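# Tertiary structure, described
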Amino acid sequence: MTGSGNGASPLLQARDLRKSYGSVQALRGASFDLAAGEVVALIGDNGAGKSTLVKCLSGVEQPDSGEILIDGAPVVLNSPTAARAHGIETAYQDLAVAPDLDPAANLFLGRELRRPGLLGALGMLDKAAMRREAAEQFSRLGVTLQDIDVPIGSLSGGQRQSVAVARSVVWASRVVFLDEPTAALGVVQRERVLDVVRKVRDTGIAVVLISHNMPEVLAVADRIEVLRLGARVARFTASDVTLEQLVGAMTGALTQEEER
Amino acid sequence: MTETEVREPAERSLVQRMVAASTFWIALVLVVLCVLFSALRPDAFPTLFTLQTLLIEASVLLVLSVGMTFVIITAGIDLSVGSVLVFAGVVAATLMESLSGGDASDAGPGVVLAGLVAAVVGGGVWGLLNGLLVAMARIPPLIVTLGSFGAALGAAQLITDGVDVRTVPKALRDGLGFGQTLQVPHMVALAAVVTLAGAWLLHTTRFGRRTFAVGSNAEAARRAGIPVRGHLVRVYTGVGLLAGLAGFMSLAYFGTTTISGHSTDNLNAIAAVVLGGTSLFGGVGTVFGTVIGVFIPAVLTKGFVIVGVQQFWQPVAISAVLVAAVWFDQVRRRSRDRG
């Protein structure tokens, strides 16, 4: 019942990460394993350290100690750009979109397309190409927006979240972190996001899903890793785990790995 | 073929956006003011002379305000522009005097050019300092630029012992200050070039796009790989460079350094930018709006003088419009954030 990466080659690993914010220890020796082409759900109670772990693995925060390995080799992810260079993209729980920019501008944030030739060298944007490409990607991923030319802040919470998810999925080449990607969504949109997760997995990109929604986790994940009090306490294969076991691991009633 | 497919909806939305934008309404206010004053004094207001003086008097403020637009879009502020303008003017004037051995009145184009470089560099240094303190030391821009507001003026007074430099090359005064080509004053042409360049930079380039992104959500910009701190340094440096240029223009127009004459330039520039629909909370704004925002106070002042209203009504009227504009922006934001 304890899968350890499906036996597939490890793509991304974290070893014994520690991170404190002042006197609060968010991570107390957390580990994490991810293989190519799998969907891993990262679950845990509030304050278990899920978001901090994701921030460390996506370069937003740096762990105080511990090791991050990609393809078995240690790497330093000292900025979001460094993580992105390894093909790691993240849709953050706090969305991290620019509310005053339109969906296309948000999709291409930090990766703006420039015009060919001299005008591009001067820094001129190719707005038409970005708009066209964005419309294409949104329709491919099933993101429906009534108006693609309005600031993203005027869209509904669900649409904003869909754009944030789409942005991470479009640019990822190896790993996508989705931190509570369905929290603000209605039933239909939620199903679309889960469809996107499966589509992405089928292209060989690994997906890490952080979620509080257990039925959703069991529906889409291949494996489940459980965090409690800043450390991994259990790993399960989704096909042979019960809801009771998951809740037990989250609350501390059940522990597989040694507490630190 | 694909081009027409994309362009058509884009054009339609441009019209929609124009009507929806607050700049459309504020532009309408400007038009109404011009029509009103023209109707009241058809002999005096709608004349070439009035237009020329109106434009010349607004050109220095316009250059400052174009830079201020960028800073405010990043959710920052620059209170130091007026003092930096004075500092740049003083540096340029003293350099030109010392290059011509005391009296710069008959100095040639080489000396004038040296003065221009000194003004722009002098302004840029203050801008760079502001930018480094805001972006790297993370001191709120209000405090940083309040500091340089005092320090730049003090430095200018130290250089001249508090006395205005009064000899400015005749070539500069006649060429830039009073010169015109085909009825277009050179001051106005220079301000127009700066404004167009600013609009191009803000609305069509990656630099402009990132300026909006930083002001809209700096953390999102950082996570998207945009070098937020470096960008802020460049924006504040740009404002400093423009304030330096404005100082040189002011020198050309007034023929003296006018050390004590720019203490409210910062507030005038901020008022112009905010009137033009740029949000003090960052992420929203246009250079076109700023142009409107510069000319509403200018037209009011001119109009009140010509019509014979006490011109002290101008600040009262402007302040009312300004407060209304910010209120409008707040309401817009609140209704959006609820959605």
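This text follows the structure it describes.
A brief report on the enclosed structure follows. (Residues numbered from 1 in each chain as written. Chains lettered and ligands numbered in written order. Predicted model: local features only at pLDDT ≥ 70, side-chain atom pairs only at ≥ 80, totals over all residues.)

### Comments concerning the overall build of chain A
A count of helices and strands for chain A gives nine helices and 10 strands. For a compact globule of 260 residues, the expected C-alpha radius of gyration is about 18 Å, and chain A comes in at 19 Å, within 12% of that figure. Considered along the principal axes of its C-alpha atoms, chain A spans approximately 60 × 40 × 35 Å. The buried share of chain A, taken over its 260 residues, is 50%. Long-range contacts, defined as pairs at least 24 residues apart, comprise 66% of the intrachain contacts of chain A with a sequence gap of at least 6. (Helix = DSSP H or I, 4+ residues; strand = E, 2+ residues; numbered from the N terminus. Rg over C-alpha atoms; globule rule 2.2 N^0.38 Å. Buried ≥ 20, exposed ≤ 12 C-beta atoms within 10 Å, placed from the backbone. Contact = placed C-beta atoms within 7 Å.)

### Some details on the interface of chain A and chain B
By a widely used convention, the size of an interface equals the accessible area lost when the partners come together. Facing 26 residues of chain A, the contacting portion of chain B comprises 23 residues. Elements represented by at least two residues in the side of chain A that touches chain B include exactly helix 2 (80-85) and helix 5 (127-140) of chain A. Taken together, the residues of the side of chain A that touches chain B sort by class into 13 nonpolar, six polar and seven charged. (Nonpolar A, V, L, I, M, F, W, Y, C, P; charged D, E, K, R; others polar.)

### A word on the sheet that holds strand 9 (residues 223-228) of chain A
All names here are of chain A. The strand order across the open sheet formed by six strands is 6-7-8-3-9-10, and the pairing between neighbours is mixed. Both outer strands of the open sheet, strand 6 (88-91) and strand 10 (231-237), are each paired with one neighbouring strand and no more. Across the sheet, the axes of successive neighbouring strands diverge by a mean angle of 20°, strand direction being ignored. Direction of pairing for strand 9 relative to strand 10: antiparallel, over a ladder of six bridges. If you follow Leu227 over to strand 10, its bridge partner there is Arg232. (Pairing = 2+ DSSP bridges. Axes fitted to C-alpha atoms, helices over the stretch in contact; angles between N-to-C directions.)

### Considering the pairing of strand 9 of chain A
All names here are of chain A. Judged by how many residues are buried, strand 9 sits mostly within the fold: six of six residues are covered. Burial along strand 9 is two-sided: Arg223, Glu225 and Leu227 and Ile224, Val226 and Arg228, pointing in opposite directions, are all buried. Across four bridges, the pairing between strand 3 (residues 39-43) and strand 9 is parallel. The residue bridging Ile43 from the neighbouring strand is Val226, located in strand 9. Linking strand 9 back to strand 10 in an antiparallel pair, the connection comprises two residues, with Leu229 at a positive phi of about 50°.

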